[in-house]
Amino acid sequence: MRTLIKNIKELVQVERQPKLRVCGKDMAQMETIKNAYLIIEDDKFAAFGPMSELKEQNADTVIDATGRMVLPSFCDSHTHLVYAGSREIEYIDKIRGLSYEEIAKRGGGILNSAKRVQEASEEQLYEDAMKRLEQMISFGTGAVEIKSGYGMTTEAEMKMLRVIRRLKETSPLTIKATLLGAHGIPMEYRGRQEAFVDLVINEMIPQAAAEGLADYIDVFTDQGFFTVEDTDRMLDAGAKYGLRAKIHANELAYSGGIQCAVRHNALSCDHLEYTGDAEIEALLGSETMPTVLPGAAFFLNMVHAPVRKMMDAGLPVAMASDCNPGSSPSCNMQLILSFACVNYRMLPEEAINATTINSGYAMGVSDMLGSIAVGKKANFYITTPIPTYEYLPYAYGENKVSRTFLNGKEV
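Residues numbered from 1 in each chain as written. Predicted model: local features only at pLDDT ≥ 70, side-chain atom pairs only at ≥ 80, totals over all residues. Heavy atoms only, no water.

Draft legend 1. Region of interest: the state of the cysteines. Per the counting criterion, the structure on display carries zero disulfides. Free cysteine: Cys23, not disulfide-bonded; nearest cysteine sulfur from Cys269 at 13 Å. By relative accessible area, which is 25% here, Cys23 ends up partly exposed. Not part of a disulfide, Cys331 finds its nearest cysteine sulfur in Cys323, a span of 4.9 Å. Note on Cys331: relative accessible area 3%, which makes it buried. (Disulfide = S-S within 2.5 Å. Buried < 20%, exposed > 50% of the residue type's maximum accessible area, 1.4 Å probe, protein only.)

Below, the structure written as structure tokens:
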């Protein structure tokens with residue numbers, strides 16, 4: 001199957017020599033081609049260039065993209081997409097002044113979602129999550145990492161992971177699964193947290209590995225949640241089963257989570273509102289992708305991670321939606337692109353790199369996704385008629401995606 005897209009107003013984020021990630025000042029660089037063509041063979045990008053160099057137009061499908069741009073699909077490297085029910089009442093509690101930790105201490109927050117997931121059927125969780133995936137696709141996302149973490153019992157965590165496996169099998173999206181057994185501390189384990197850590201180590205990790213349900217392991221390493229010592233134990237246990245680490249770190253305080261992530265060669269450490277010189281120094285030279293979640297910071301009215309300082313130091317930065325029912329109830333990566341520019345003062349080029357190639361790296365798929373390069377998987381979208389690619393983050397209230405292609409096929 002050969003598809004030709006011609007007369008593209010601007011082909012954005014092409015790579016002639018593909019990279020796995022983009023760091024520091026290079027994040028402000030992005031190659032584009034005006035008045036371009038793009039050829040897809042089956043599910044891969046096969047060729048691209050200016051229209052003046054297009055020599056053949058033999059194709060099964062020809063699409064005229066006059067006045068429209070083409071970009072690689074977003075990679076959303078941090079979501080909690082499998083859940084049951086919304087939590088808008090807690091949102092009102094936040095408006096009234098209760099903190100994230102206060103809501104959690106009285107059984108709200110993650111514990112609220114855990115109760116609902118434990119009671120829900122796999123079929124219900126699957127159907128609800130599939131609707132969210134369809135919405136993600138409509139906003140231009142082509143790859144997503146989905147965490148468990150709302151189970152908080154071995155049985156419920158495995159239920160969530162089985163749902164994610166089914167989503168992998170039935171959705172055109174590229175999906176990675178992460179075991180987040182240590183997302184919160186169940187009420188019955190309050191005051192004996194080590195016993196819950198033992199449960200994660202002795203039951204959840206071995207069972208997830210035995211059934212091949214998880215690609216990664218994650219821990220919420222932060223004030224009021226799991227300590228660095230807890231995290232060390234769980235990540236060491238995960239490594240024995242071949243599960244690479246990803247860490248929720250420094251959302252609520254200088255928790256030591258970032259340094260812990262680097263020590264364990266975590267693929268990413270995420271949130272990062274509290275990132276200082278010591279944390280930046282730890283990340284420099286590591287293979288760990290700093291991942292910022294603007295939706296959660298916006299929804300919870302939190303301090304912003306020092307993204308500019310991080311990039312000025314030479315670090316890469318990724319951005320993801322953190323789609324979840326409690327602190328970021330949106331799967332719209334176009335909105336994350338806008339937050340990157342408005343709240344974190346990123347240039348549009350930096351924001352696009354953060355939500356495609358770097359977020360692809362943060363979920364382990366940047367070798368095949370996150371940019372338009374020959375041989376990479378053909379996940380991309382065609383925009384509505386827009387004046388410039390800078391318009392993408394600028395017009396935050398509208399959907400700029402008109403057609404989405406995943407694995408070379410329109411969806």
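Continuing now.
Draft legend 2. Expanded view of the packing of aromatic side chains. A full pass over the atoms with the stated rule returns nine aromatic pairs. Seen from their ring centres, Phe196 and Phe226 are 6.2 Å apart, and the 25° between their planes marks the pair as stacked. Taken together, the residues Phe196 in helix H6 (residues 193–210) and Phe226 in the loop between strand E9 (216–221) and helix H7 (228–240) connect sequence positions 30 residues apart. Phe226 carries the same exposure label as Phe196, and that label is buried. An angle of 5° between the planes, with centres 4.6 Å apart, marks the rings of Phe380 and Phe405 as stacked. Placement of the pair is Phe380 in strand E14 (residues 380–383) and Phe405 in strand E15 (residues 401–406), with a sequence separation of 25 residues. Aromatic ring contacts, followed pair by pair, group Phe45, Phe380 and Phe405 into a single cluster. The residue whose ring lies beneath Arg21 is Tyr361, and the NZ or CZ to ring-centre distance is 5.2 Å. Above the plane of the ring of Tyr126 lies Arg166, whose end atom (NZ or CZ) is 3.7 Å from the centre. (Phe/Tyr/Trp six-rings, centres within 6.5 Å; stacked < 30°, edge-to-face > 60°. Helix = DSSP H or I, 4+ residues; strand = E, 2+ residues; numbered from the N terminus. Lys NZ or Arg CZ within 6 Å of the ring centre and 35° of its normal.)

Draft legend 3. Spotlight on the pattern of salt bridges. Scanning the model with the defined rule gives 17 salt bridges in all. Between Lys147 and Glu145 there is a salt bridge, with the nearest N and O atoms lying 2.8 Å from each other. The exposure class assigned to Lys147 is buried, which follows from its relative accessible area of 1%. Relative accessible area serves as the criterion here: at 0%, Glu145 is assigned to the buried category. Residue Arg308 pairs with Glu350 through a salt bridge whose shortest N-O separation is 2.8 Å. One end of the pair, Arg308, is in helix H11 (residues 307–312); the other, Glu350, is in helix H13 (residues 348–355), with 42 residues separating them in the sequence. Residue classification places Glu350 among the buried residues on the basis of a relative accessible area of 4%. Here the salt bridges share partners, and the residues they tie into one network are Glu15, Lys19 and Lys376. (Salt bridge = Lys/Arg side-chain N within 4 Å of Asp/Glu carboxyl O.)

Draft legend 4. Just the sheet that holds strand E11 (residues 268–271), in detail. Taken in spatial order, the eight strands of this open sheet run E6-E7-E8-E9-E10-E11-E12-E13, and their pairing is parallel. Looking at which strands have only one partner, the edges of the open sheet turn out to be strand E6 (74–79) and strand E13 (318–319). Looking at chain direction, E11 and strand E12 (residues 289–292) are connected through three bridges and run parallel. Its bridge partner being in E12, Ser268 is matched across the sheet by Met289. (Pairing = 2+ DSSP bridges.)

Draft legend 5. Highlighting unusual backbone geometry. We note that Asn35 has phi near 50°; this positive angle belongs to a residue other than glycine. Of note, Asn35 is situated in strand E2 (residues 32–41). Backbone geometry at His271 places phi at a positive 100°, although glycine is not the residue there.

Draft legend 6. Fine view of the packing of helix H4 (residues 122–138) against helix H5 (residues 154–170). Packing of H4 against H5 leaves a shortest axis separation of 10 Å and a crossing angle of 50°. Looking at the two axes, H4 sits oblique to H5. For the pair H4 and H5, the sense of crossing is right-handed. Where H4 abuts H5, its residues Glu122, Glu123, Leu125, Tyr126, Ala129, Met130 and Leu133 lie against Lys159, Arg162, Val163, Arg166, Leu167 and Thr170. Its residues assigned to classes, the contact of H4 with H5 comprises seven nonpolar, one polar and five charged. (Axes fitted to C-alpha atoms, helices over the stretch in contact; angles between N-to-C directions. Parallel < 35°, antiparallel > 145°, perpendicular 65-115°, else oblique. Left-handed = near helix turned anticlockwise from the far one by under 90°. Contact = heavy atoms within 4.5 Å. Nonpolar A, V, L, I, M, F, W, Y, C, P; charged D, E, K, R; others polar.)

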